[in-house]
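Tertiary structure, described
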Amino acid sequence: MNPRQITKIYQDPLDLIWTSTANQLGMNLERSSEVFAAWDGNDTLTIGSSDDLDPDDCLAQMIFHEICHAIVQGPDCLNLENWGLENIDGSDDIREMACIRLQAALAQQYGLREFFAVTTDWRSYHDALPQDPLAGNDDALPIALKAYDRALKGPWSKTIAAALKATQTIVATAYPFSNEDSLIKSFVQGA
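So, here's what we can say about the structure.

1. Let's talk about the side chain of T119
Tracing the backbone shows T119 in the loop between α3 (93-108) and α4 (123-128). Owing to a relative accessible area of 6%, T119 belongs among the buried residues under this scheme. For T119, the residues in contact, after removing those within four places along its chain, are D54, D56, D57 and Q61.

What follows is the structure in structure tokens.
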């Protein structure tokens, strides 16, 4: 018996959407157990392998988060390693908070705020945000507001909106079939 020749492979639809989105924004995606997430300052975004991520992480959320970092940091930081951020000493915690606010605000428009919520030690900050992620009074808010304006009016706006809309469609379609412990159950219908 001749072995079957495989000509197509299964790929997660959300992985396809967000990998393509990253590519359209000039980011080539690589996976590696060497990092959780890293930008090389040129054209490569490296995300940890699936085995290295938390059970409530997905590649789509990780890419979206890194895109939000790029927007928060602004176009002058695209050529800097890790968007010019330092995550070792806490000096850029305010900018991380601004990224989380931006991510929540963009995702919320599509009913995906919880679906695309950050994980790791930053989840408590995300969960404490008000209903309007761009309200409140911490030092991250002015940075997040400027980034939100860039996200809606900048050159990446249509690409990001298309990816969020496609994600919304897939998550909404899967919602009735998902079980209670699925991240998909966090989707807010009618957003």
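Having seen the structure, we can now continue with the description.
2. Brief notes about the pairing of strand β3 (residues 44-47)
By the alternation rule, side chains of β3 split into T44 and T46 and L45 and I47, which are all buried. As judged from the four bridges shared by strand β1 (residues 28-31) and β3, these two strands associate in the parallel manner. Counterpart to L29 in the pairing with β3 is L45. Connecting strand β2 (residues 37-39) to the antiparallel partner β3 that follows it, the hairpin turn spans four residues, and G41 within it adopts a positive phi of roughly 85°.

3. Here's the deal with the pattern of salt bridges
This model, assessed by the stated rule, comprises four salt bridges. The salt bridge partner of R101 is D138, with a shortest N-O separation of 3.2 Å. Of this pair, R101 sits in helix α3 while D138 sits in the loop between α4 and α5 (141-153), placing them 37 residues apart in sequence. What makes R101 buried here is its relative accessible area of 3%. On the accessibility criterion, D138 (23% relative accessible area) is partly exposed. Here E114 makes a salt bridge to R123, at a shortest N to O gap of 3.0 Å. Put simply, E114, R123 and D127 are held in one network by salt bridges that share partners.

Calculation criteria
- Along each chain, residues carry numbers from 1 onward, in the same order as the chain's sequence is written.
- Local features in a predicted model are, by the rule used here, given only for residues with pLDDT of at least 70; side-chain atom pairs are given and counted only at 80 or more, and totals for whole chains, interfaces and linings are based on all residues.
- Values shown for side chains rest on all heavy atoms present in the structure; no hydrogens or waters enter the calculation.
- Here a strand is any run of E in DSSP of at least two residues, a helix any run of H or I of at least four, and the numbering for each starts at the N terminus.
- For the exposure calls, accessible area comes from a 1.4 Å probe over protein chains only, and a residue counts as buried if that area is under 20% of its type's maximum, exposed if over 50%, partly exposed in between.
- Any two residues whose heavy atoms approach within 4.5 Å are treated as being in contact.
- Criterion used throughout: strands pair if DSSP finds at least two bridges between them.
- By convention in these notes, a salt bridge is any Lys or Arg side-chain nitrogen within 4 Å of a carboxyl oxygen on Asp or Glu.

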